[in-house]
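Examination of the molecular architecture
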Amino acid sequence: MTGYQDVRAGLSDPRLSRDTRAAGHVIDGDDLDGQALRSLPMAVAEPLLCTESADRLRRLGASVFTAVNVEPLRPLVTELVAGLLTPLRGRRSVDLVAEVARPLPVLLTGELLGLPVEDRILPWTEVLLAFHERAGADLPAHLAAVAASDLVSSLAALKVTNDEMLNLVAMLVVGGVEIAGGFVANAMSALLDNPCRVALARNEPVLMSDMIAELVSGSDPLHVGTFRCTTEPVRLGGTVIPAGEVVMLAGADCPSDHRYAGTVGHGVQHRIGSLLGRLLAETVLEQLVDEFPLLRLAVSPTRVPWQFTRQSRAVESLPVLVS
């Protein structure tokens with residue numbers, strides 16, 4: 001389904017279930033309703049598949065995952081970026097996706113949730129599982145105890161059940177790890193695939209802020225939609241869809257009027273992913289331009305590999321020369 005009204009109707013229709021485990025032979029992928037979700041223990045997966053409080057969770061998530069709560073993270077992000085870039089100075093060539101774009105959102109999410117991050121490259125499922133195991137029986141109390149940011153403090157202050165909190169944390173983890181990482185990778189590639197753009201950023205610092213904003217705004221990694229399974233016959237777009245069918249709600253074809261709200265179908269996890277992704281990408285690009293005067297692609301832009309899934313498009317690796 002691609003029409004705006006049909007996608008909105010499908011997202012709010014309880015007969016279109018988020019529980020797509022029975023459609024594993026059709027659906028593949030590493031997002032919230034793909035193979036990754038089915039790999040989680042049932043104690044973690046079941047609350048994420050519940051649709052009874054979906055509208056309430058969207059409202060709660062929208063009240064917490066805001067630009068006002070994300071912007072104060074800038075000093076922490078600056079520190080994390082510096083820690084990742086410093087070891088690169090003594091090397092001739094690196095992969096910026098492996099060294100920066102993938103570990104940065106994992107490190108940030110770990111800091112926000114009070115998780116010690118030993119492995120800097122983790123999928124969102126492992127980050128969520130680690131949080132669930134560490135938090136124990138009372139997730140809101142754990143968040144309140146580790147809160148060191150306005151974002152997490154606002155999240156911990158919500159009056160919610162454990163299952164609702166797990167859903168909200170999952171929104172943060174998916175957005176923070178998967179979506180934000182794609183923003184960083186894509187923005188770095190967009191900067192470096194044009195040497196003239198890099199030179200302009202270095203020689204005309206007054207233009208750098210606007211240039212980076214433009215690069216980041218064009219780096220959204222999401223491009224398709226989300227899957228649902230029909231639990232009974234449903235009429236959408238003039239078509240009756242039988243029970244037991246898989247429906248893709250292709251929200252990327254339904255742009256939102258709100259810059260940070262995300263496209264229809266991607267919801268709150270895209271909101272937080274966009275907010276964090278923009279902050280991370282802006283910080284990375286600024287430091288790369290400032291600190292690595294010889295930075296350039298090690299391959300032709302046409303040879304930079306991209307990874308495409310049914311929901312996202314992101315640079316898979318970005319080999320560069322730093323000296």
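Residues numbered from 1 in each chain as written. Predicted model: local features only at pLDDT ≥ 70, side-chain atom pairs only at ≥ 80, totals over all residues. Heavy atoms only, no water.

1. Observations regarding helix α6 (residues 74-85)
- Between its first and last C-alpha, α6 extends 16 Å over 12 residues, near the 16 Å set by a 1.5 Å rise per residue.
- Three or more residues of α6 are buried, namely Val77, Leu80, Val81, Leu84 and Leu85. Angular distribution of buried residues about the axis of α6 spans 130 degrees; they occupy a single face of the element. Exposed residues lying more than 90 degrees from the buried face of α6 are Pro75 and Glu79. (Helix = DSSP H or I, 4+ residues; strand = E, 2+ residues; numbered from the N terminus. Expected span 1.5 Å × (residues − 1). Buried < 20%, exposed > 50% of the residue type's maximum accessible area, 1.4 Å probe, protein only. Arc of directions from axis to C-beta.)

2. Re the pairing of strand β6 (residues 246-249)
- Alternating residues of β6 divide into Val247 and Leu249, all buried, and Val246 and Met248, none buried.
- Inspection of the sheet shows strand β3 (residues 226-230) paired to β6 by 4 bridges, in the antiparallel sense. Paired with Cys229 across the bridge in β6 is Val246. (Pairing = 2+ DSSP bridges.)

3. Digging into the environment of Gln287
- By secondary structure assignment, the location of Gln287 is in helix α15 (residues 267-291).
- Gln287 gets classed as buried once you look at its relative accessible area, which sits at 9%.
- C-alpha of Gln287 to C-alpha of Thr78: the two residues are 209 residues apart in sequence and 8.6 Å apart in space.
- Residue contacts for Gln287: discarding those within four places in its chain leaves Thr78, Val81, Ala82, Leu85 and Phe292. (Contact = heavy atoms within 4.5 Å.)

4. Quick look at the sheet that holds strand β10 (residues 319-321)
- Strand order in the open sheet formed by 3 strands is β2-β10-β7, and the pairing between neighbours is antiparallel. A single partner strand is all that each edge strand has here, and the edge strands are β2 (93-95) and β7 (296-297).
- The pairing of β2 with β10 spans 3 bridges and is classified as antiparallel. Note that in β10 the partner of Val94 across the bridge is Val320.

5. Remarks on the packing of α6 against helix α8 (residues 103-113)
- Packing of α6 against α8 brings their axes to within 10 Å, and their N-to-C directions diverge by 135 degrees. What the angle tells us is that α6 and α8 run oblique. Relative to α8, α6 is oriented so that their crossing is right-handed. In contact with Leu76, Val77, Leu80, Val81 and Leu84 of α6, α8 contributes Pro103, Leu104, Leu107, Leu108 and Glu111.
- Here the contact of α6 with α8 is composed, by residue class, of 9 nonpolar, no polar and 1 charged. (Axes fitted to C-alpha atoms, helices over the stretch in contact; angles between N-to-C directions. Parallel < 35°, antiparallel > 145°, perpendicular 65-115°, else oblique. Left-handed = near helix turned anticlockwise from the far one by under 90°. Nonpolar A, V, L, I, M, F, W, Y, C, P; charged D, E, K, R; others polar.)

6. Brief notes about the packing of helix α4 (residues 54-64) against helix α12 (residues 162-192)
- In contact at an axis separation of 10 Å, α4 and α12 are set at 55 degrees when each is read in the N-to-C sense. The angle between the axes of α4 and α12 places the two elements in the oblique class. Note on packing geometry: the crossing formed by α4 with α12 is right-handed. Across the interface between the two elements, Arg56, Leu57, Leu60 and Gly61 from α4 touch Glu164, Asn167, Leu168 and Met171 from α12.
- Along the lines of polarity and charge, the residues of the contact of α4 with α12 split into 4 nonpolar, 2 polar and 2 charged.

7. Considering the nonpolar core
- Judged by nonpolar contacts, the single largest core of 86 residues is most densely connected at Leu96, Leu128 and Leu318.
- With 19 residues, the top contributor of residues to this core is α12.
- One finds Leu16, Val234, Leu236 and Leu249 within the second-largest nonpolar core, a separate group that totals 7 residues. (Core = buried A, V, L, I, M, F, W, Y, C linked by side-chain atoms within 4.5 Å.)

8. Concerning the environment of Val299
- Locating Val299 in the fold gives a position in the loop between β7 and β8 (306-308).
- Val299 sits in the partly exposed class, given a relative accessible area of 21%.
- As for Val299 and Leu318, which are separated by 19 residues in sequence, their C-alpha atoms are 8.7 Å apart.
- Sequence-distant contacts of Val299, that is, excluding residues within four places in its chain, are made with Val304 and Pro319.

9. Thoughts on a nonpolar patch on the surface
- A surface patch of nonpolar side chains, about 270 Å² in accessible area, is lined by Leu200, Val206 and Leu207.
- Along the chain, Val206 turns up in helix α14 (residues 205-217).
- On the basis of relative accessibility, which here comes to 67%, the residue Val206 falls in the exposed class. (Patch = residues over 30% accessible without salt bridge, like charges linked within 9 Å, V, L, I, M, F, W, Y side chains within 5 Å. Areas by Shrake-Rupley, 256 points an atom, 1.4 Å probe, with all protein chains shown as cover. Salt bridge = Lys/Arg side-chain N within 4 Å of Asp/Glu carboxyl O.)

10. What about the pattern of salt bridges?
- One pass over the full model with this rule turns up 7 salt bridges.
- The salt bridge partner of Arg15 is Asp13, with a shortest N-O separation of 2.8 Å.
- On the accessibility criterion, Arg15 (28% relative accessible area) is partly exposed.
- Given the relative accessible area of 13%, Asp13 is considered buried.
- Note that Glu282 is salt-bridged to Arg74, the shortest N-O span being 3.1 Å. With a gap of 208 residues between them, Glu282 in helix α15 and Arg74 in helix α6 connect regions that are remote in the sequence.
- The exposure class assigned to Glu282 is partly exposed, which follows from its relative accessible area of 21%.
- With relative accessibility at 24%, the residue Arg74 sits in the partly exposed group.
- By sharing partners, the salt bridges in this structure join Glu71, Arg74 and Glu282 into a single network.

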